[in-house]
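Report on the structure
What follows is the residue order along each chain.
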Amino acid sequence: MDDASVWDGNWGWSLPLILVTVIFHVIGLVFINQRVIRAKRFLHKGRRFLAVFSMILGAATLVAILLHAIEAAMWASVYKTLGALPDGKSAALYSLSAMTTYGHEHLNLANHWQLMGALEALNGMILFGLTTAFLYGMIRELLAP
């Protein structure tokens, strides 16, 4: 395989994955936001404010983490399907490491798929940025008078 076709294959698989995961993530955040808006009616400034606020924030954060896990699983399934990693466990660990930009020295994609790891890290930065912005906005909304 020449370098150009390898490059094209990495982009060809990665760009649709990035688009799908970002759209999935935004839809998930909209779902969470709808639930937070409903739950806000139970949030009254008073004795139990901090407990209810913490429960709403905790539940929203948990669902956001589940979104990230599902998105990492999407990438992992593609790595496994392409034969870029030997098994599902390695693919899942590599994907979570790439998406969080943590990295693992002992796990590497097959040589001709290595650009996908960098593109997944880019995807992770976008997804975590969306989550951070969402949680910040949610906190501001819940604390608003």
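Look a little higher up for the structure.
Notes on the structure follow. Worth saying up front: this structure is predicted, and the values here are computed from it rather than measured. Every chain begins its residue count from 1, and numbering advances along the sequence as written. Local features in this predicted model are restricted to residues whose pLDDT is 70 or higher, and side-chain atom pairs enter the listing and the counts only when it is 80 or higher, whereas totals over whole chains, interfaces and linings include all residues. Remark: hydrogens and water are excluded; side-chain values derive from all non-hydrogen atoms of the structure.

Turning our eyes to something else, we now look at the packing of helix H2 (residues 49–82) against helix H4 (residues 114–143). Fitting a line to C-alpha atoms yields each axis, with helices limited to the stretch in contact; the angle taken between N-to-C directions then spans 0 to 180 degrees. Secondary structure counts use DSSP, requiring at least four H or I residues in a row for a helix and at least two E residues in a row for a strand, with both numbered from the N terminus. Relative to each other, H2 and H4 sit at 165°, their axes nearing to 11 Å. Here H2 lies roughly antiparallel to H4, going by the angle between them. Viewed along their axes, H2 and H4 form a crossing whose handedness is right-handed. Here the nonpolar group is Ala, Val, Leu, Ile, Met, Phe, Trp, Tyr, Cys and Pro; Asp, Glu, Lys and Arg are the charged ones; every other residue, Gly included, is treated as polar. For the contact of H2 with H4, a count of residues per class yields 20 nonpolar, 5 polar and 2 charged. For classification purposes, angles smaller than 35 degrees are called roughly parallel, those larger than 145 roughly antiparallel, those between 65 and 115 roughly perpendicular, and all remaining angles oblique. What makes a crossing left-handed is the near helix being turned counterclockwise from the far one by less than a right angle; a clockwise turn instead makes it right-handed.

With that settled, the discussion passes to the environment of Asn108. Here Asn108 is to be found in the loop between helix H3 (88–99) and H4. A 1.4 Å probe rolled over the protein chains alone gives each residue an accessible area, and that area as a share of the maximum for its type sets the label: buried under 20%, exposed over 50%, partly exposed in between. According to the relative accessible area criterion, Asn108 is exposed, its value standing at 51%. Residues Asn108 and Phe42, 66 residues apart in the sequence, show an inter-C-alpha distance of 48 Å.

Turning to the pattern of salt bridges, a few remarks are in order. What makes a salt bridge here is a side-chain nitrogen of Lys or Arg within 4 Å of a carboxyl oxygen of Asp or Glu, nothing more. Counted under the stated rule, the structure contains 1 salt bridge. Linking Lys40 and Glu141 is a salt bridge whose minimum nitrogen-to-oxygen distance equals 2.9 Å. Of the two residues, Lys40 sits in the loop between helix H1 (3–39) and H2 while Glu141 sits in helix H4, which places them 101 residues apart along the sequence.

Together, Leu19, Ile23 and Ile27 line one region of the surface with nonpolar side chains, adding up to about 320 Å² of accessible area. Its place among the elements puts Ile23 in helix H1. Two distance rules govern patches: like charges are joined within 9 Å, and nonpolar side chains (Val, Leu, Ile, Met, Phe, Trp, Tyr) within 5 Å, applied only to residues with over 30% relative accessible area and no salt bridge. Accessible areas in this description were obtained via Shrake-Rupley with a 1.4 Å probe; residue shielding takes into account the shown protein chains only.

Here we come to unusual backbone geometry. Trans is the common state for peptide bonds, and a negative phi is the common state for residues other than glycine. Phi at Thr101 is positive, roughly 60°, even though this residue is not glycine. Along the polypeptide, Thr101 turns up in the loop between H3 and H4.

Moving on, we get to the side chain of Glu120. Tracing the backbone shows Glu120 in helix H4. Although buried, Glu120 forms no salt bridge, and the nearest oppositely charged side chain, Lys80, lies 16 Å from it. We call two residues in contact whenever any of their non-hydrogen atoms come within 4.5 Å of each other. Beyond its immediate stretch of four places on either side in the chain, Glu120 contacts Ala72, Trp75, Tyr79, Tyr94, Ser95, Ala98 and Met99. The convention is simple: Lys and Arg are positive, Asp and Glu are negative, and His and the chain ends are not counted.

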